[in-house]
Amino acid sequence: HDALPILCWCVWVGAVKATDLDAGNDGKVYYFLVGSSNDKGFTIDHNTGLLRVSRHLDRETQNRIILTVLAKNAGSIRGNDTDEAQVIISIQDGNDPPEFDQEYYECLVSEGTRPGAKILTVHAVDKDAWPQNNQFSYSILYNMSKLFRVDPQNGTIETVGHFDRETINYYEIIVGAVDTGSPPQTGSATVKVMITDVNDNGPVLAPDNSVGYVSENEPINTSIMVLTATDADQPPNGAPFTYRIVGGPHREFVTLDESNGLLRTARSIDRQQTPTHQTHPTHPH
């Protein structure tokens, strides 16, 4: 056979077609992608020359692909029994979702923050080419607490309520960027809001600290009891505490260690004269 296969590009079906004037099997043409063209996301039917997409194509990464296609007769390649052609493929825009510059955001917010405070700004981009695909707005997709809102234009997140760290010490919300394509596509990111402490709780003496016992005529500095306290605030707004005696008709009978709350006798006590004693330790601070 002496005629050569000649390629032409059939854009309407995404196929290549070669003609060979030889008769019979000598005129049968087979199609192959050459070299790196096999790694560009397309396959070719060896018998028909039909090109198919074999993986996801990303126009935003590469909007133009060049393939080299080889047409050859059956058997081994002999002399000029082949022909090559380049196929240029333009990737058209599809509607991809907007992408946030971070998948996960985290910020600190004081529990004393008032409604309307700006706490964080999220940012997304949409690389689509068509305006109807690359325009988007921000919204909060998940916000069980209803304590936050986001500006649909600039992505700034604001508070819309009050916080109590002792009840809930963090919140997770999901922010979306929703484009105007048809159908619309949504990108999302998670925002974790950590609530920091303010000193809004006073210390409380444990209920079982109200009564202590000591035998009469015990020597000075005899231990009576240890006062303990709790505070819902975090250190340094909570523990450690300082203990003091601030009143009571018998305050001169005892001493109180400021650092550990240990209550001791300050003099010998006669039960017949004073069977009970009253002092008023301060709320620790």
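Computed from a predicted structure; not experimentally measured. (Residues numbered from 1 in each chain as written. Predicted model: local features only at pLDDT ≥ 70, side-chain atom pairs only at ≥ 80, totals over all residues. Heavy atoms only, no water.)

K.L.:
Sorry if this is basic, but what is going on with the packing of aromatic side chains here?
P.N.:
Aromatic ring pairs: the centre-centre distance and the angle between the two ring planes describe each pair. Throughout the structure, instances matching the rule amount to 6 aromatic pairs. Ring geometry for F136 versus Y138: centroids 5.5 Å apart, planes at 85°, classification edge-to-face. Exposure remark for F136: the relative accessible area of 23% places this residue in the partly exposed category. By relative accessible area, Y138 is classed as buried at 6%. A ring pair is formed by F148 and Y171, whose centres lie 5.7 Å apart and whose planes are at 70°; its orientation type is edge-to-face. Taken together, the residues F148 in strand β13 (residues 148-150) and Y171 in strand β15 (residues 170-179) connect sequence positions 23 residues apart. Taken as a pair, F148 and Y171 share a single burial class, namely buried. Geometry around Y30 places K28 over its ring, the cationic atom sitting 5.6 Å from the centre. In this structure, R267 packs its charged tip against the face of F253, placed 4.8 Å from the ring centre. (Phe/Tyr/Trp six-rings, centres within 6.5 Å; stacked < 30°, edge-to-face > 60°. Buried < 20%, exposed > 50% of the residue type's maximum accessible area, 1.4 Å probe, protein only. Helix = DSSP H or I, 4+ residues; strand = E, 2+ residues; numbered from the N terminus. Lys NZ or Arg CZ within 6 Å of the ring centre and 35° of its normal.)

K.L.:
Can you help me understand the side chain of T68 in this one?
P.N.:
Among the structural elements, T68 can be located in strand β6 (residues 64-72). If sequence neighbours within four positions are ignored, T68 has contacts with F32, L33, V34, S37, E84, A85 and Q86. (Contact = heavy atoms within 4.5 Å.)

Distances and angles like these do not, on their own, reveal function.
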